[in-house]
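For reference, the chains in residue letters:
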Amino acid sequence: MNVMKDLPIGFIDSGYGGLTVVKQSLKQLPNESIIYLGDNARCPYGPRSMEEVKDYIWQLTRFLLKKGIKMLVIACNTGTAAALEEIRQTLDIPVVGVIHPGSRAAIERTENNHIGVIGTQGTIASNLYERVMKDKADYLQVTSVACPSFVQLVEDHQLNSPLAWQQVRESLSAFDQTGIDTLVMGCTHYPHLKPLIQAVMGQGVTLIDSGVETLNEVSMLLDYFGLSRSAKDAQIQPPSQHFYTTGDAKQFAQFVTAWLEQAEPSIGQCQIEGDEILEVSHRNAE
């Protein structure tokens, strides 16, 4: 009997963005339990140094390891760039980031071999998307643009405001005349702004949601390592979803309720003490 199979999949992110990956998990892997930790207290990660972000990702990881997980998903592009390889080499469970799946999807879907990438300062400065894509296909042309204001728009729930439209237009104007036909949304916050991004870029540009592509990889790895739960398993032990935040638990619950359509999500409040993250309270959203 594989006792690991019934453990949840762990998701970590700098804030709300990784919920786009969780949403795909609930859709594609309905028999799986999940546990999510968003570091809203220190979001955004983009302007921070890679060493600082790596330390934060390790803190989030240690919190979920104590809870017990069978797989870790770093649902944060900046976090993936900073810490994926080190964490993958250290842990004895599968670890998945969001950059490689998104890169593979972009290569598959581009027709003119000119791909755009948008992300936080940290992700774009790491140049990891371009390096991953060109390592697989060196003939590609990749244009990368940092869009730091997008994360704050999402965190502030400004998904369709005049300010959001203004900032999306201004940021994406960098792609004018570039001729890209595929655009990777290289931050898991960005799919919340997908309608605006698509409207500004036009229907001729294919948007790549790294969250969707990441879950395809998660599903494959669960099968490969014999960790997948079946519908029969779910009948015996129903899947659960638990969410934690280092920020405001009530505000986080409202976002989970709206984005994941969960009436009473299980929300845990955490606080940061030194280099550790500790749970201080847990409740169902009212």
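Naming follows an unreviewed UniProt entry, where the protein chain appears as Glutamate racemase of Abiotrophia defectiva ATCC 49176. The Catalytic activity (unreviewed entry) comment attached to the protein chain in UniProt states, word for word, "L-glutamate = D-glutamate". The protein chain has a UniProt comment under Function (unreviewed entry) that states "Provides the (R)-glutamate required for cell wall biosynthesis."

Caption draft 1: Molecular detail of the sheet that holds strand S9 (residues 241-245). An order of S4-S3-S1-S2-S9-S10-S11 is seen for the 7 strands of this open sheet, with the pairing classed as mixed. Each having just a single partner strand, strand S4 (95-96) and strand S11 (276-284) make up the two edges of the open sheet. Looking at chain direction, strand S10 (residues 266-273) and S11 are connected through 8 bridges and run antiparallel. Note that in S11 the partner of Ile-272 across the bridge is Ile-277. Where helix H2 (residues 50-67) meets the sheet, it contacts strand S1 (9-13), strand S2 (34-38), strand S3 (71-74), S9, S10 and S11, and its direction lies at approximately 55° from that of S11. Set on the sheet, helix H12 (residues 249-260) makes contact with S2, S9, S10 and S11; between it and S9 the angle comes to about 140°.

Caption draft 2: Examining the packing of helix H1 (residues 19-28) against H12 more closely. Between H1 and H12, whose axes approach to 10 Å, the crossing angle comes to 45°. In this view, H1 runs oblique relative to H12, as classed from their interaxial angle. Judged by the sense of rotation from one axis to the other, the crossing of H1 with H12 is right-handed. For the pair formed by H1 and H12, the contact residues are Leu-19, Thr-20, Val-22, Lys-23 and Leu-26 on the first element and Phe-255, Val-256, Trp-259 and Leu-260 on the second. Of the residues belonging to the contact of H1 with H12, the class tally is 7 nonpolar, 1 polar and 1 charged.

Caption draft 3: View of the sheet that holds strand S7 (residues 182-185). In spatial order, the strands read S6-S5-S7-S8; together these 4 strands make up an open sheet with parallel pairing. Of all the strands in the sheet, the pair left with one neighbour each is strand S6 (141-146) and strand S8 (206-209). Taking each pair of neighbouring strands and ignoring which way they run, the sheet shows an average axis angle of 25°. When S7 meets S8, the two strands line up parallel, connected through 4 bridges. The partner of Val-184 across the bridge, within S8, is Ile-208. Taken strand by strand, helix H6 (residues 128-136) contacts strand S5 (114-119), S6 and S7, and its axis lies near 165° from that of S6. Contacts from helix H10 (residues 210-224) reach S7 and S8, with the element oriented near 50° to S8.

What counts, and where the lines are drawn
Residues numbered from 1 in each chain as written. Predicted model: local features only at pLDDT ≥ 70, side-chain atom pairs only at ≥ 80, totals over all residues. Heavy atoms only, no water. UniProt positions renumbered as here; feature names shortened; annotations may be inferred. Pairing = 2+ DSSP bridges. Helix = DSSP H or I, 4+ residues; strand = E, 2+ residues; numbered from the N terminus. Contact = heavy atoms within 4.5 Å. Axes fitted to C-alpha atoms, helices over the stretch in contact; angles between N-to-C directions. Parallel < 35°, antiparallel > 145°, perpendicular 65-115°, else oblique. Left-handed = near helix turned anticlockwise from the far one by under 90°. Nonpolar A, V, L, I, M, F, W, Y, C, P; charged D, E, K, R; others polar.

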